[in-house]
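# Observations on the three-dimensional arrangement
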Amino acid sequence: MRSLNATVSPLLLDAIGQLAEKDGISYENVVRAVAKLSALFTKERTSLGRRYLDDPVLASAYLQYFLPVNLCKIQLLLDEMPILESSERFSVLDLGSGPGTGALAVLDWWRERKLTGTLSVVAVDNSSAAHHQAARLWDHYCRLASVAEAKLHTVEGDIERNAWSREVGKQTGFDLIILANCLNEIPRDHRDPITSRTNLATKVLSLLAPHGTLMILEPALRETSRALHQVRDQLLQEQRCTVYSPCLHERNCPALLDRDDWCHEERAWEPPSGIQQIDLEIGFIKDALKFSYLLLRTDGRTIAERSPNTFRVVSELRKLKGDRRAWLCNEQGRSEVGRLDRASSAANAVWDQCQRGTIVRIEGVKREEEASLGRIPAEGTVHIVRPS
């Protein structure tokens with residue numbers, strides 16, 4: 001697993017720090033605003049206004065704390081996407097872009113990967129203040145990195161409406177479209193929000209290039225994650241797309257069978273020092289990146305070859321007395337599998353390395369009649385297809 005210290009590049013942190021200094025918001029006010037935004041994003045979601053980034057203090061807090069965090073999540077998923085083929089241009093549409101989180105994540109990732117050609121990003125948001133901050137960050141980063149082959153175009157508009165699509169639609173065939181932490185807000189008070197969000201995703205999918213990817217990133221809360229699972233199921237039922245990742249099937253999401261269940265990612269990282277300091281002030285512990293996501297495509301490509309013996313780990317590997325268990329998911333649904341320590345062998349030793357998000361192939365699982373728990377025997381084999 002790659003270090004996320006490298007993802008939040010020193011260059012990007014420098015650009016964020018210099019712009020935050022120019023904003024002139026005191027550190028104490030930033031800390032209070034981070035605590036306020038955190039509450040609005042989690043416990044007080046119904047009080048979250050659509051234009052909170054118009055507030056200079058909240059915007060500065062988002063810039064210094066939430067932008068690097070969300071940027072890391074996007075870059076994790078950029079690394080998970082299929083390897084880009086050589087092309088003259090990599091085109092991106094960032095919807096609900098805020099201060100350019102997705103745009104900057106791609107810019108930083110594109111530069112560090114030394115990809116050829118030019119980068120073109122269209123960012124759509126209803127806040128002119130957020131666009132202004134995004135443009136400042138983009139320009140400052142490009143100056144620091146001496147990047148001349150990357151262009152940012154901002155479009156002011158509410159992504160629930162159609163005005164943005166008329167302007168953006170002039171440039172179809174995007175290689176990547178990002179919907180990061182905004183689908184859950186569209187709209188919260190509608191009588192059928194899942195259908196409304198599915199309709200938006202359907203519209204967005206029509207703007208993809210044949211080889212393109214739609215990246216949907218949402219908070220790892222139960223409510224927002226389950227809503228994303230429902231949007232996924234509706235898109236697949238209508239045959240609008242297929243899932244590249246994280247799912248290893250196109251059947252209905254089995255996490256929706258239990259009302260208290262949901263599927264999300266948890267990836268380890270080491271926060272930048274500025275975020276660590278704010279965490280100390282507030283009492284937060286942000287030792288992992290938590291989120292729910294979908295990478296959707298229209299060409300049928302998948303992250304791993306699908307089979308009844310290939311699973312994605314959808315829980316932590318629980319270390320019990322003499323036993324190690326995890327929940328797995330594939331086309332057959334969700335199932336719990338464990339391996340007793342006394343059954344450990346060279347053939348199944350990598351079971352100990354599995355964690356949430358690992359894709360693994362397991363042969364020889366035994367399940368007693370009417371037992372819900374499957375067992376990996378000593379002669380069973382475990383092979384990691386893709387680490388998390």
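Just above, that's the structure.
So, a few notes on the structure that sits alongside this text. (Residues numbered from 1 in each chain as written. Predicted model: local features only at pLDDT ≥ 70, side-chain atom pairs only at ≥ 80, totals over all residues. Heavy atoms only, no water.)

Take the pairing of strand 13 (residues 359-363) next. Direction of pairing for strand 9 (residues 310-313) relative to strand 13: antiparallel, over a ladder of three bridges. Its bridge partner lying in strand 13, Phe311 is registered against Val360. Of the strand pairs in this sheet, strand 13 and strand 15 (residues 381-386) are connected by five bridges, and their pairing is antiparallel. Across the sheet, residue Glu363 finds its bridge partner in strand 15, namely Thr381. (Pairing = 2+ DSSP bridges. Helix = DSSP H or I, 4+ residues; strand = E, 2+ residues; numbered from the N terminus.)

The subject of this paragraph is the pattern of salt bridges. Tallied over the full model, the rule gives 20 salt bridges. Notably, a salt bridge pairs Arg232 with Asp233, separated by 2.6 Å at the nearest N-O pair. The pair Arg232 / Asp233 is uniform in exposure class, with both members buried. Bridged by salt links that share partners, the residues Glu80, Glu265, Arg267 and Arg312 form one connected network. (Salt bridge = Lys/Arg side-chain N within 4 Å of Asp/Glu carboxyl O. Buried < 20%, exposed > 50% of the residue type's maximum accessible area, 1.4 Å probe, protein only.)

Next up on the list: the environment of Val147. Here Val147 shows up in the loop between helix 6 (128-145) and strand 3 (150-156). Put simply, Val147 and Val314 are 167 residues apart on the chain and 39 Å apart in space, counted from C-alpha to C-alpha.

Now for the pairing of strand 8 (residues 288-297). Most of strand 8 sits inside the fold, with nine of its 10 residues counted as buried. The pairing of strand 5 (residues 208-218) with strand 8 spans five bridges and is classified as antiparallel. Note that in strand 8 the partner of Ile216 across the bridge is Leu294. With three bridges connecting them, strand 6 (residues 242-245) and strand 8 associate as antiparallel partners. Each residue of the ladder has a partner; that of Val243, found in strand 8, is Leu296.

Our focus in this paragraph is helix 10 (residues 273-282). Turning to helix 10, its buried residues are Ile275, Ile278 and Asp279. Summarising the axial view, the buried residues of helix 10 lie within an arc of 105°, below the 170-degree limit, and thus occupy one face. In helix 10, the exposed positions angled more than 90 degrees off the buried face are occupied by Ser273 and Leu280. Of the surrounding elements, those touching the buried residues of helix 10 are helix 3 (27-41) and helix 4 (56-80). After helix 10 finishes, the residue Gly283 shows a positive phi value of roughly 95°. (Arc of directions from axis to C-beta. Contact = heavy atoms within 4.5 Å.)

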